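# Breakdown of the fold
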Amino acid sequence: MNPQVGIIMGSQSDLPIMAEAAAFLEELGVAYELTVVSAHRTPQRMIDYAESARERGLKVIVAGAGGAAHLPGMVASLTSLPVIGVPIKSSNSIDGWDSILSILQMPSGIPVATVALNGGKNAGILAASIVGSFDAEVGSKMDAFKRTLKEKVEESAAAIESKGWKEILKK
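The structure contained in this document is the topic of the report that follows. (Residues numbered from 1 in each chain as written. Predicted model: local features only at pLDDT ≥ 70, side-chain atom pairs only at ≥ 80, totals over all residues. Heavy atoms only, no water.)

Looking now at the pairing of strand 2 (residues 32-36). When strand 1 (residues 5-9) meets strand 2, the two strands line up parallel, connected through five bridges. Looking across to strand 2, one finds that Ile 7 is bridged to Leu 34. Taken together, strand 1, helix 1 (residues 15-28) and strand 2 form a β-α-β motif whose crossover is right-handed. (Pairing = 2+ DSSP bridges. Helix = DSSP H or I, 4+ residues; strand = E, 2+ residues; numbered from the N terminus. Right-handed = clockwise from strand over helix to strand, strands pointing away.)

In structure tokens:
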């Protein structure tokens, strides 16, 4: 199966966060590729990756980075595919705010969808939603996923309403 989603990260230290996106896509059976592409240390690799993404069959790119976090925005400047940025709180990060703002504050014409700090799973969910907008099978799986979220909330509400909050907190 050819990958529909590209998952890239600035360094291997971002893997624990970005693996959450990959794990969600695996649950849904959405093919992906995952690799390291640094905007600062391997700019030509980044350019080659972004410029070839569409012809390689990718439909969306998830790009995670910490610190200055230029990877998502630079990739978005090189491709017309949707890019989802994952700000990562890294060892050289200012509580993650530098990463969040670097990805969030893109200039006009270069949008990057941005998820929460360390939001790898949400990036995977958003990527699957994008793929599901034109792939009926993935769309159906996303509908089922959303139903399970609703059911979990309804179960929690029923438990609190029937047992009371004090009983729930005892567990």
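With that settled, the discussion passes to the sheet that holds strand 2. With respect to topology, five strands assemble into an open sheet ordered 2-1-3-4-5, the strand pairing being parallel. Edge positions in the open sheet fall to strand 2 and strand 5 (113-114), since each of these has one partner strand only. Here strand 3 (residues 60-66) pairs with strand 4 (residues 83-88) via six bridges, running parallel. Residue Ala 65 lies in a different strand from strand 4, and its bridge partner there is Pro 87. Contacting strand 1, strand 2, strand 3 and strand 4, helix 1 crosses the sheet at an angle of about 170 degrees to strand 1. Lying over the sheet, helix 4 (residues 97-104) contacts strand 3, strand 4 and strand 5, oriented at roughly 165 degrees with respect to strand 4. (Contact = heavy atoms within 4.5 Å. Axes fitted to C-alpha atoms, helices over the stretch in contact; angles between N-to-C directions.)

Turning our attention to the environment of Val 5. Positionally, Val 5 belongs in strand 1. Given a relative accessible area of 0%, Val 5 falls into the buried group. Remark: the alpha-carbon pair of Val 5 and Thr 42, spanning 37 residues in sequence, is separated by 21 Å. With near-sequence residues (within four places) excluded, Val 5 lies in contact with Leu 25, Val 30, Ala 31, Tyr 32, Glu 33, Leu 58, Val 60, Val 62, Ala 127 and Val 131. (Buried < 20%, exposed > 50% of the residue type's maximum accessible area, 1.4 Å probe, protein only.)

The grouping of Trp 97, Leu 101 and Leu 104 at the surface amounts to a nonpolar patch, some 330 Å² of accessible area in total. Structurally, Trp 97 can be placed in helix 4. Residue classification places Trp 97 among the exposed residues on the basis of a relative accessible area of 53%. (Patch = residues over 30% accessible without salt bridge, like charges linked within 9 Å, V, L, I, M, F, W, Y side chains within 5 Å. Areas by Shrake-Rupley, 256 points an atom, 1.4 Å probe, with all protein chains shown as cover. Salt bridge = Lys/Arg side-chain N within 4 Å of Asp/Glu carboxyl O.)

Counted under the stated rule, the structure contains one aromatic pair. The ring of Tyr 49 carries Arg 56 above its face, with NZ or CZ at 4.6 Å from the centroid. (Phe/Tyr/Trp six-rings, centres within 6.5 Å; stacked < 30°, edge-to-face > 60°. Lys NZ or Arg CZ within 6 Å of the ring centre and 35° of its normal.)

The final tally for this structure, using the stated rule, is five salt bridges. Note that Glu 137 and Lys 141 form a salt bridge whose closest N and O atoms lie 3.4 Å from each other. Separated by four residues within a single helix, Glu 137 and Lys 141 lie in helix 6 (residues 136-163), roughly one turn from each other. Classification of Glu 137 by relative accessible area gives exposed; the value is 54%. A residue is classified by how much of its surface remains accessible, and Lys 141, at 32% relative accessible area, is partly exposed.

Glancing now at the nonpolar core. Counting residues in each nonpolar core, the largest one holds 25 residues, and the members touching the most others are Val 5, Ile 7, Met 18, Val 62, Val 86 and Met 142. For this core, the elements supplying multiple residues, two or more each, are strand 1, helix 1, strand 3, strand 4, helix 5 (120-132) and helix 6. The element best represented in this core is helix 1, accounting for seven residues. Excluding residues within four positions of it along the chain, Met 142 makes contact with Phe 24, Leu 28, Ile 125, Ala 128 and Ser 129. (Core = buried A, V, L, I, M, F, W, Y, C linked by side-chain atoms within 4.5 Å.)

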